[in-house]
Amino acid sequence: MTDHPTLTWTDDRPEASSDAVHTAVWRSEAGNPPPKRVAIADDRTTADAAYRLACEGTALLWQGDFQNARQLLQAMSRRTDRKPGKARKEPASPIDAFNLHRQAQSQRARTLGMLLIPLDADYTIPLRRAPDMRDACTEAYGTSHTASVVSLRELLGLIGAHEWRKKGVEIPALGGERIHPHYGVFSPVRGEYIELVANAPLPSKTLAFDIGTGTGVLAAVLAKRGVKRVIGTDQDPRALACARENVERLGLQTQVEVVDADLFPGGRAPLIVCNPPWLPARPSSPIERAVYDPDSRMLRGFLDGLAAHLEPNGEGWLILSDFAEHLGLRTRDALLAMIDAAGLQVVGREDIKPKHPKASDENDPLYRARVAEVTSLWRLKARQ
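Below, the structure is looked at part by part. (Residues numbered from 1 in each chain as written. Predicted model: local features only at pLDDT ≥ 70, side-chain atom pairs only at ≥ 80, totals over all residues. Heavy atoms only, no water.)

1. A look at the overall build of the chain
Test applied: A helix here means a DSSP run of H or I that spans at least four residues, while a strand means a run of E at least two residues long, and both kinds are numbered starting from the N terminus. Values of the radius of gyration come from C-alpha atoms, whereas the globule rule sets the reference at 2.2 Å times the count of residues to the power 0.38. Relative accessible area decides the class of each residue, using a 1.4 Å probe on protein chains only: under 20% of the type maximum gives buried, over 50% gives exposed, and in between gives partly exposed. In what follows, residue pairs with any heavy atoms lying within 4.5 Å of each other are defined as contacts.
Counting secondary structure elements, the chain contains 12 helices and 15 strands. Relative to its length of 384 residues, the chain is compact, with a C-alpha radius of gyration of 23 Å against a globular reference of 21 Å. Structurally, the chain occupies a C-alpha span of about 80 × 50 × 35 Å along its principal axes. In the chain, which comprises 384 residues, the share counted as buried stands at 48%. Expressed as a percentage of contacts within the chain between residues at least 6 apart in sequence, the contacts between residues at least 24 apart total 67%.

As structure tokens, then:
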């Protein structure tokens, strides 16, 4: 038995052994419901036909060569990204550009997510020239005892995450050591926020809290800087497992403790660090929770609870990009009002410009906001 929804289909091809109704577990990290209409597709299916069916809401369960399925997905992607015949109007405002960008992303994900791949009970893919995905699937989904179906797009994401987990991300602030992100845990590929934490003046080296620790990278940086004890908190089971594994891999388990907590652990600390999701918008899937913070809930929770958890004269470090401000999702005045309402004062701010590729990509629909973006470490204290 399983708590997962199921997908049902009929294989009525002449060469099929039976046209009986088939059922398998439906897997979707985004929480999408199983498609209501399913057609069988194989090496004879053209890209145009597949794209048309996907746009109409019919899923295609692949029964051909796995590598041909990858090529078909690429062909469908090209059709999705094809520019319309009429030139689009320039968005009236940055927030319009953001909303149009998210709508386009959502529609693209829905269409490309319609190409499905079967998995046996042990995550073997029963298709010709299929890679061995068992380790990647087990890392993401846990152990399995029944056959399932997943979109090829999600499956390829699992492959990428598995490779990142094996290879790791080199962190200069850790002396070139690597952090190994787990599937579904935000990868520290944008290094500017890590650089800020690595260079800001420490108010104390006795104890620090890292709120929403994720991979544990900031907790590790603080420990490497000489903070004797660091407590990293998170509520996501994947993040907790990931952070603990990274802490152990780096040999920091005597300094860093990772605990399951809603924002703050018990007690007070002279330094409390938080890098909340930067955009106050609704995530469309669980994996986007590291980027989108609906109604700024985590940001407000951190600010509202900070004074009560700081030791006298302690500092809270809020790491936040102003990307939301350039998109029109939040104003600087609104952020300052949140800080003030929480009984806090700003005692310093360290700024850094982003270095990621999108910041210089003029074809990115959000380029104007990205090129103006600044990431800041706000040094906060309880107002006396």
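The rest of the description comes next.
2. Things to note about the pairing of strand 13 (residues 310-321)
Heads up, the rule is: In short, DSSP must find at least two bridges between two strands for them to pair. Classification remark: right-handed applies to a crossover when, strands pointing away from the viewer, the course from the first strand over the helix to the second runs clockwise.
In terms of burial, strand 13 is a largely internal element, 9 of the 12 residues being buried. Two strands pair when backbone bridges link them, and strand 12 (residues 269-274) and strand 13 are joined in this way by 5 bridges, in the parallel orientation. Within strand 13, the position partnered with Cys274 by the bridge is Leu318. On the question of chirality, the crossover connecting strand 12 to the parallel strand 13 by way of helix 9 (residues 297-309) is right-handed. Sheet topology note: the strand 13/strand 15 (residues 375-382) ladder contains 6 bridges and is antiparallel. Paired with Leu320 across the strands is Ser376, a residue of strand 15.

3. Some words on the pattern of salt bridges
The condition is simple: Every case where a carboxyl oxygen of Asp or Glu lies within 4 Å of a side-chain nitrogen of Lys or Arg is listed as a salt bridge.
According to the stated counting rule, one finds 20 salt bridges in the structure shown. Across the salt bridge formed by Arg44 and Asp42, the nearest N and O atoms sit 2.6 Å from each other. Residue Asp42 is classed as buried on the basis of its relative accessible area, which comes to 10%. A salt bridge links Arg229 to Glu257, with the nearest nitrogen and oxygen atoms 3.3 Å apart. Pair noted here: Arg229 is in strand 10 (residues 229-234) and Glu257 is in strand 11 (residues 256-260), with a separation of 28 residues, a long-range link. On the accessibility criterion, Glu257 (38% relative accessible area) is partly exposed. Ionic contacts of the salt-bridge type, sharing partners, join the residues Arg165, Glu245 and Arg249 into one network.

4. Re the side chain of Asp293
Position of Asp293 among the secondary structure elements: in the loop between strand 12 and helix 9. Sequence-distant contacts of Asp293, defined by excluding residues within four places in its chain, comprise Pro277, Leu279, Pro280, Ala281, Met298 and Leu299.

5. Re unusual backbone geometry
One non-glycine residue, Arg129, lies in the positive phi region at around 55°. On the secondary structure map, Arg129 appears in the loop between strand 5 (115-119) and helix 4 (134-141). The exposure class of Arg129 is exposed, given its relative accessible area of 53%. The residue Asp295 is not glycine, and still its phi comes out positive at about 55°. Structurally, the position occupied by Asp295 is in the loop between strand 12 and helix 9. Classification of Asp295 by relative accessible area gives exposed; the value is 59%.

6. Some words on the nonpolar core
Cut-off, in case you're wondering: Among the buried residues, those of types Ala, Val, Leu, Ile, Met, Phe, Trp, Tyr and Cys that are joined through side-chain atoms within 4.5 Å form a nonpolar core.
Val197, Leu222, Ile272, Phe302, Leu303 and Leu318 are the most contacted members of the largest nonpolar core, which totals 58 residues. For this core, the element with the highest residue contribution is helix 7 (residues 217-224), accounting for 7 residues. Beyond its immediate chain neighbours, meaning those up to four positions away, Leu318 contacts Cys274, Pro276, Leu299, Phe302, Leu303, Leu335, Ser376, Leu377, Trp378 and Leu380.

7. Here's the deal with the packing of helix 2 (residues 66-81) against helix 5 (residues 152-167)
Basically, it comes down to this: For helices, the fitted axis covers only the stretch in contact; all axes are lines through C-alpha atoms, and the angles between them, taken along N-to-C directions, range from 0 to 180 degrees. Reported orientations rely on four angle classes, namely roughly parallel under 35 degrees, roughly antiparallel over 145, roughly perpendicular from 65 to 115, and oblique for the rest. Charged means Asp, Glu, Lys or Arg here, nonpolar means Ala, Val, Leu, Ile, Met, Phe, Trp, Tyr, Cys or Pro, and polar covers whatever is left, Gly included.
Between helix 2 and helix 5, the least distance of the axes is 11 Å, while the angle of their chain directions is 105°. In terms of axis orientation, helix 2 runs roughly perpendicular to helix 5. Across the interface between the two elements, Phe66, Ala69, Arg70 and Leu73 from helix 2 touch Leu152, Arg153, Leu155 and Leu156 from helix 5. When its residues are assigned to classes, the contact of helix 2 with helix 5 shows 6 nonpolar, no polar and 2 charged.

8. Some details on the side chain of Glu192
The test is simple: Polar contact is defined as a pair of N or O atoms within 3.5 Å, subject to the rule that within protein one atom must be able to donate a hydrogen and the other to accept it, and that residues adjacent in sequence are counted only when both atoms are side-chain atoms.
Residue placement: Glu192 occurs in helix 6 (residues 192-199). Only 2.4 Å separates the side chain of Glu192 from the side chain of Arg190, close enough to count as a polar contact. Dropping the residues within four chain positions of it, Glu192 is found in contact with Trp278, Ile352, Lys353, Pro354, Lys355, His356 and Thr375.

9. Some details on the environment of Thr233
Topologically, Thr233 is positioned in strand 10. Those residues within four positions of Thr233 in sequence are excluded, and the remaining contacts are Asp210, Ile211, Gly212, Thr213, Val259, Ala261, Leu263 and Pro265.

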